[in-house]
Amino acid sequence: MKHLIARIFFLSVLGLLALWSFFAPVSGWYFVFILLLWFVTNIIGSSFIQYNYHVKAYCSNPSEKDQKIALTFDDGPNENTLQILEILKTHNAKATFFCIGKNIEKHPDILRKIAQDGHEIGNHSYSHSDFFDFYRKDRVTKELKETDNLIEEITGKKPTFFRPPYGVTNPSIRRALAITKHKVIGWNIRSMDGISKNTQAIFNRIVRQLSPGSVVLLHDTRLETNVVLEQLLLSLAEKNYEVVPTAQLLNLKAYEN
Ligand SMILES: [Zn+2]
């Protein structure tokens, strides 16, 4: 993992500086600068899932030759998920839903419907708390197991896919994943549908980046996403793109059993 390479690199530089300071005066600012650089490297590595800094993340299939992509929906299930399911059904598209445990407890029937409609379900933590990235390994592990159990109770299948909240990874998540054995699923096209309300801009952002093997990040909790999805599926059909489940696109298994 790249965090290990970074650790070895920065510790070696600090070691060499310390050694050098025995022979010649070295300003303490050099040490501060190196530590700061290491800190910034960690922040960037943690923030961008596709850098595979802390954990390996599957973000696309660059070797896919056919016009195939995967659509992923985060943060459900909620009432709006039903609209998304309706649109997907109309266009005969299969997607992947990364669900939050506490939302599953509120809407077990909607989770069941996602599975019954033939879509994939992955784990997106239990709380999706703003503080998730500050949780220790045990708490992350507990959240992943709780959400797995809810999904298994309702659908009969235990997910192997995990998408970290906000796409942020860190040492606690890495250690938790060593126990739970989930595969981290990222994306290579971020629609920004969680931030922007301009449906045309969201649509354009996706279409502009489209290529075979892409994984698109969307949210089934947003009304704007319904409009974008309808337009996107029409456009994909026009371009002869097929929407397939993430497991198929990435040649992985979405469930343990
Ligand atoms: Zn999320």
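By convention here, each chain's residues receive numbers from 1 onward along its written sequence. Selection of residues for local features in this predicted model requires a pLDDT of at least 70, selection of side-chain atom pairs for listing and counting requires 80 or more, and totals for whole chains, interfaces and linings are taken over all residues. Heavy atoms throughout the structure, all of them, feed into the side-chain values; hydrogens and water do not.

1. Here's the deal with the overall build of the protein
Counted only if it meets this: Helical segments are the DSSP runs of H or I of at least four residues, strand segments are the runs of E of at least two, and each set is numbered from the N terminus. Any residue under 20% of the maximum accessible area for its type is buried, any over 50% is exposed, and the rest in between are partly exposed; the area is computed with a 1.4 Å probe on protein chains only. A positive count includes Lys and Arg, and a negative count includes Asp and Glu. His and the chain ends are not counted in either. Charge positions are represented by NZ for Lys, CZ for Arg, CG for Asp and CD for Glu.
The helix and strand inventory of the protein stands at 10 helices and 9 strands. If you line up the protein on its principal axes, its C-alpha atoms span 75 × 40 × 35 Å. For the protein, buried positions account for 50% of its 257 residues. Seen as two clouds, the 30 positive and the 25 negative side-chain charges of the protein have centres 8 Å apart.

2. Some remarks on the coordination of the zinc ion
Expected angles at a metal are 109.5 degrees for tetrahedral coordination by four donors and either 90 or 180 degrees for octahedral coordination by six donors. Applied cut-off: A donor here means an N, O or S atom no more than 2.8 Å from the metal, or no more than 3.2 Å when the metal is Na, K or Ca. Since water is not included, a site may seem to lack partners.
Within the protein, the atoms that donate to the zinc ion are Asp 75 (OD), His 124 (NE2) and His 128 (NE2), at distances of 2.1 Å. Going along the chain, you hit the donors of the zinc ion in the pattern D-x48-H-x3-H. One end of the pair, Asp 75, is in the loop between strand E2 (68-74) and helix H3 (81-90); the other, His 128, is in the loop between strand E4 (120-123) and helix H6 (137-155), with 53 residues separating them in the sequence. Of the two residues examined, Asp 75 and His 128, each falls in the buried class.

3. Describing the packing of helix H5 (residues 108-116) against H6
Under the convention used in this document: Axis angles are defined between N-to-C directions and span 0 to 180 degrees, where every axis is a line fitted to C-alpha atoms and, for a helix, only to the segment in contact. If an angle is under 35 degrees, it is roughly parallel; if it is over 145, roughly antiparallel; if it lies from 65 to 115, roughly perpendicular; otherwise it is oblique. Definitions for this section: a left-handed crossing has its near helix turned counterclockwise from the far helix by less than a right angle. A right-handed crossing has that turn clockwise. Here a residue-residue contact requires only that any non-hydrogen atoms of the pair lie within 4.5 Å.
In the contact formed by H5 and H6, the axes pass within 9 Å of each other and the chain directions differ by 70°. For the element pair H5 / H6, the angle class is roughly perpendicular. Remark: the crossing between H5 and H6 carries right-handed chirality. Here H5 contributes Pro 108, Leu 111, Arg 112 and Ala 115 to the contact with H6, which in turn contributes Ile 151, Ile 154 and Thr 155.

4. Brief notes about a nonpolar patch on the surface
Our working definition: Patch building starts from residues that exceed 30% relative accessible area and form no salt bridge, then joins like charges within 9 Å and nonpolar side chains (Val, Leu, Ile, Met, Phe, Trp, Tyr) within 5 Å. Residue burial considers only the protein chains on display, and all accessible areas are found by Shrake-Rupley using a 1.4 Å probe. The rule for a salt bridge is simple: a side-chain nitrogen of Lys or Arg has to be within 4 Å of a carboxyl oxygen of Asp or Glu.
A cluster of nonpolar side chains, Leu 36, Phe 39, Val 40, Ile 43, Ile 44, Phe 48 and Tyr 51, forms an exposed patch at the surface whose accessible area comes to about 660 Å². Following the sequence through the fold, Ile 43 ends up in helix H2 (residues 28-47).

5. A word on the pattern of salt bridges
One pass over the structure, following the stated rule, counts 9 salt bridges. For Lys 137, the salt bridge identified is with Asp 138, shortest N-O distance 3.8 Å. On the accessibility criterion, Lys 137 (31% relative accessible area) is partly exposed. Through salt bridges with shared partners, a single network forms among Lys 89, Lys 113 and Asp 117.

6. Quick word on the domain arrangement of the protein
Just so we agree on the cut-off: An automatic or database domain assignment provides the domain bounds reported here. Buried surface area refers to the total accessible area, computed with a probe of radius 1.4 Å, that the two partners give up upon joining, counted for both partners together. N or O atoms closer than or at 3.5 Å make up a polar contact, with two conditions inside protein: a donor-capable atom paired with an acceptor-capable one, and, for residues adjacent in sequence, both atoms drawn from side chains. Residues are grouped as follows: nonpolar covers Ala, Val, Leu, Ile, Met, Phe, Trp, Tyr, Cys and Pro; charged covers Asp, Glu, Lys and Arg; every other residue, Gly included, is treated as polar.
By the assigned domains, the protein splits into domain 1 (2-47) and domain 2 (59-250). If you average the C-alpha positions of domain 1 and of domain 2, the two centres end up 37 Å apart. Each side of the interface is counted separately: domain 1 has 5 residues, and domain 2 has 4 residues. Sorting the residues of domain 1 by area buried against domain 2 places His 3, Ser 46 and Ser 47 first, and these three jointly supply 88% of that buried surface. Put simply, domain 1 and domain 2 have 0 salt bridges between them. The interface formed by domain 1 and domain 2 holds 2 residue pairs in polar contact (both at pLDDT 80 or more) in total. Elements represented by at least two residues in the side of domain 1 that touches domain 2 include exactly helix H1 (2-23) and H2. Among the elements that line the side of domain 1 that touches domain 2, the one with the most residues is H2, at 3 residues. Its residues assigned to classes, the side of domain 1 that touches domain 2 shows no nonpolar, 4 polar and 1 charged.

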